[in-house]
Every structure is written in C-alpha cells, then in structure tokens.
Amino acid sequence: MTDVNKEAISILNHLIEVSKDGQEGFKTCAEDIKHPELKALFAKRSSECAAAAVELQAEVRRLGGDPETSTSVAGDLHRRWVDVKALFTGKGEEAVLNEAERGEDHAKKAYREALEKLAKHNMMGLRDLVDRQYQGVLRNHDQVKALRNIARAS
C-alpha cells in the first residue's frame, strides 16, 4: 500500500468516526425531543450520517484499508456530557438543538480539515466525495442553527 493510500485511508477513517458520531448524536436528539417534526428531522439526519459512513467505508475498502466501524472517543464523551448536563438543565428543545449544533460544528471542522489534506496530497477524486458530504454537513448545521434560533426566540 502506498503512503498516499495510507494517508487517504487515515483521513477517511476519521470522517467515518465523525459520521458515526453524527449518526449517534442525531439519534439521541430524536429520542430526547418531544416535537414530532424535529424528532423526524433528527431521525432523517441520523440515517443520512449512517449512509455517509457506509459510503466512506466502501471507499476505504476500495483503497485496500480496514474501515473504521465505531464512533470516536470524543463523540462518546460529548454524548455522556450531554446526558449529565441534561440531568441538571432538562432536555428542552433549545438545549437539544444547541447540542446538535455543537456536534455539527465539530463535523464542519473535521470535513474542512479533510478537504485541505486531500487537496494538499492532490487526491482530487476523494476530494469530490468528501466535498459532496461536506455540503450536507453545512446544510445540516445551518438548518439546526436556524431551528435553534427559532426555539431561542420563543
């Protein structure tokens, strides 16, 4: 396996963890929120993150690597922190949306860094895949932020 492939696999495996974090995070949001439209939105986002992870895993296999299959330690710790925090503050709509936005902030940063690394190593084919997924992350973030602002104003 070439060094370029090893680097690509490392980048993609990190994004798989980020996608798995999003899948679990949105699933938790869907479980914690009462509003039926938000529950459906979060469930849909969870399945979109799962699909992104599957797509990235297939690419890692194509490159000859072993794809990541779990969430990140940081994502697990964040979810535990949210659960502990919820014991004290309750899990109101705004609180759930705040945590969803925080998770999407993390995903935006991870995808932006991955795109920079792929460009640096001239991996344009992978860059197209990652950029397409990044656009979905940006849409998720903007939608969650808008919903949070609405919840905050009411």
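Residues numbered from 1 in each chain as written. Predicted model: local features only at pLDDT ≥ 70, side-chain atom pairs only at ≥ 80, totals over all residues. Heavy atoms only, no water.

Chemist: Can you walk me through the overall build of the chain in this structure?
Modeler: When helices and strands are tallied, the chain shows five helices and zero strands. Listed by position from the N terminus, the elements making up the chain come as α-α-α-α-α. Looking at the 154 residues of the chain, the share that counts as buried comes to 42%. Counting only contacts in the chain whose residues sit at least 6 apart along the sequence, the fraction spanning at least 24 positions is 76%. Accessible surface, the chain as shown: approximately 8500 Å² in total, 54% of it carbon and sulfur. (Helix = DSSP H or I, 4+ residues; strand = E, 2+ residues; numbered from the N terminus. Buried < 20%, exposed > 50% of the residue type's maximum accessible area, 1.4 Å probe, protein only. Contact = heavy atoms within 4.5 Å. Areas by Shrake-Rupley, 256 points an atom, 1.4 Å probe, with all protein chains shown as cover.)

Chemist: Would you take a moment to explain the packing of helix H2 (residues 36–62) against helix H4 (residues 93–120) for this structure?
Modeler: The packing of two helices is summarised by the inter-axis angle and the distance between the axes. Where H2 contacts H4, the two axes come as close as 13 Å, and the packing angle between them is 20°. As summarised for this structure, H2 and H4 are arranged roughly parallel, according to the angle between their axes. Crossing of H2 over H4 shows left-handed handedness. For the pair formed by H2 and H4, the contact residues are Leu-38, Phe-42 and Leu-56 on the first element and Glu-93, Val-96, Leu-97, Ala-100 and Tyr-111 on the second. Class assignment for the residues of the contact of H2 with H4 results in seven nonpolar, no polar and one charged. (Axes fitted to C-alpha atoms, helices over the stretch in contact; angles between N-to-C directions. Parallel < 35°, antiparallel > 145°, perpendicular 65-115°, else oblique. Left-handed = near helix turned anticlockwise from the far one by under 90°. Nonpolar A, V, L, I, M, F, W, Y, C, P; charged D, E, K, R; others polar.)

Chemist: Where do I start with the nonpolar core in this structure?
Modeler: As a rule of thumb, nonpolar side chains are buried together in soluble globular proteins. Counting 23 residues, the largest nonpolar core has Leu-12, Leu-15, Leu-56, Tyr-111, Leu-126 and Val-130 as the members making the most contacts within it. Those elements that provide at least two residues to this core are helix H1 (3–32), H2, H4 and helix H5 (124–153). If you tally residues by element for this core, the top one is H1, at seven residues. Among all residues touching Leu-12, those that are not within four sequence positions of it are Leu-56, Glu-59, Val-60, Leu-63, Leu-126 and Val-130. Listed in part, the 13 residues of the second largest apolar core include Ala-30, Leu-38, Phe-42 and Val-144. (Core = buried A, V, L, I, M, F, W, Y, C linked by side-chain atoms within 4.5 Å.)

Without other data, these values stay purely geometric and don't point to any function.
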